[in-house]
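# Summary of the model geometry
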Amino acid sequence: MDCIKSRSEKYIADYLKSYEPYKGKWCYEDGCLLQGTMLLYKATEDKKYLEFVYEYLKEFVGENGVIKGYDKSEFNIDNINAGKVLFDAYNFTGDEKYRKAIEKLHEQILEHPRVPQGNFWHKKRYENQVWLDGLYMVEPFYIRYETEFNGKRNYADIFKHFVNVRENMFDENKKLHYHGWDTAKKCSWIVSETGLSKNFWLRAIGWHLMAMVDTLEYMSEEIFNEYRGLQILFKEAIRGIDQYRDLEKDMWYQVVDKQTETGNYLETSGSLMVAYSMMKGARLGYISEKYSEIGKKAFEGVCKEYLEEKDNGSLALGGICLVAGLGGFNGENRDGSYEYYLSEPVVEDDVKGSGIFLMAYSEYLYLNKIKGCDE
């Protein structure tokens, strides 16, 4: 544990010191790092993490709540993700610019296009499509807004989004959720009979797990049916992914259920998402305590497999799938095939892995405090 802790903290310190905004504008990728840094502040009470968030927000959130680089008319559900830390920033400081920024993002939720079943379109350019990724981007923000500012009025709407995903994107035999669902059944990447994509992408499943556990965290037990119902869905999804764990490395594969097929590899970002969800879900009492240890081993497995020292003494986090999507993008037809998911670049230190590393490490610290291992 000492070696894992010291290497993790060195990596995090160096990463935060050198980090520059991912796109130079408000984006979900930066939101992953902001969330990870805020969670580390809550786990450690070390104000350097909080100051990192404030410095970022100083650049991106104006006094009138206008967000640099954010355009509601894009109706990109990803753009909600970075707004999650605004609730804590507002609660900690009382600065109204954060509340105004929250309201601007909430306006998008009110106007965002929806599929006939009620879920949000993933993006304006992805008509009638639901991707697992989108649940993480919006639902934890949406539930926190409802709990803190709107009298819990729309809990049923939020819960219905998860129910729709379970009813339409879950494979009863594999016990896994597919990456995408075209409710209009028009996209080239679907199975025509179902409207679903063809494979189980690890990071998509990870986004979905994190969406559930983070939504539960801010959902009031007073609204019992939705609170209990989401726990049931979360437990089922955790049990499903756990059966595909590599028992030697304690990680999961890029295409989850095809562990032995040529080219498949143990992937970092999705494994960290599962680890985070398991440790947090167990800590908050949503799933069995046994998953805290499984999640802990998974975090350690990532560190052992992919947190490597370079010649200059710095650490790098490898094994991160750079990106994966569905449909046309930059001249590429992303068809959702096994070969497609294996064709995307595997990189080091991309924030979609490194930001989640911070999130998982915050839960790793909580777990070791609970077990009396804190130093």
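See the structure shown above.
Below: a short report on this structure. The structure presented is a predicted model; accordingly, all values stated were derived computationally and were not measured.

Before going further, it helps to examine the packing of aromatic side chains. A complete count under the given rule lists 21 aromatic pairs for this structure. Where Phe120 meets Tyr142, the ring centres are 6.2 Å apart and the plane angle is 55°; that geometry is what we call tilted. Placement of Phe120 in the loop between α5 (96–111) and β1 (129–131) and of Tyr142 in helix α6 (residues 132–149) is noted, with a sequence separation of 22 residues between them. In this structure, Phe120 and Tyr142 share a single accessibility class: buried.

Turning our attention to the pattern of salt bridges. One pass over the structure, following the stated rule, counts 29 salt bridges. Arg114 is the salt-bridge partner of Asp157, the closest N and O atoms lying 2.9 Å from each other. Of this pair, Asp157 sits in helix α7 (residues 155–169) while Arg114 sits in the loop between α5 and β1, and the two are 43 residues apart along the sequence. Assessed through its relative accessible area of 32%, Arg114 is described here as partly exposed. For Asp242, the salt bridge is made with Arg245, and the minimal N-O distance between the two is 2.9 Å. For the pair shown, Asp242 and Arg245 are each scored as buried.

Another aspect to go through is the packing of helix α2 (residues 28–44) against helix α4 (residues 84–93). For the pair α2 and α4, the least separation of the axes is 9 Å and the interaxial angle reads 40°. By the criterion of interaxial angle, the relationship of α2 to α4 is oblique. Relative to α4, α2 is oriented so that their crossing is left-handed. The residues of α4 that touch α2, namely those facing Leu34, Gln35, Met38, Tyr41 and Lys42, are Lys84, Val85, Asp88 and Phe92. Of the residues contributing to the contact of α2 with α4, the split by class is five nonpolar, one polar and three charged.

How each quantity is defined
Residues numbered from 1 in each chain as written. Predicted model: local features only at pLDDT ≥ 70, side-chain atom pairs only at ≥ 80, totals over all residues. Heavy atoms only, no water. Phe/Tyr/Trp six-rings, centres within 6.5 Å; stacked < 30°, edge-to-face > 60°. Helix = DSSP H or I, 4+ residues; strand = E, 2+ residues; numbered from the N terminus. Buried < 20%, exposed > 50% of the residue type's maximum accessible area, 1.4 Å probe, protein only. Salt bridge = Lys/Arg side-chain N within 4 Å of Asp/Glu carboxyl O. Axes fitted to C-alpha atoms, helices over the stretch in contact; angles between N-to-C directions. Parallel < 35°, antiparallel > 145°, perpendicular 65-115°, else oblique. Left-handed = near helix turned anticlockwise from the far one by under 90°. Contact = heavy atoms within 4.5 Å. Nonpolar A, V, L, I, M, F, W, Y, C, P; charged D, E, K, R; others polar.

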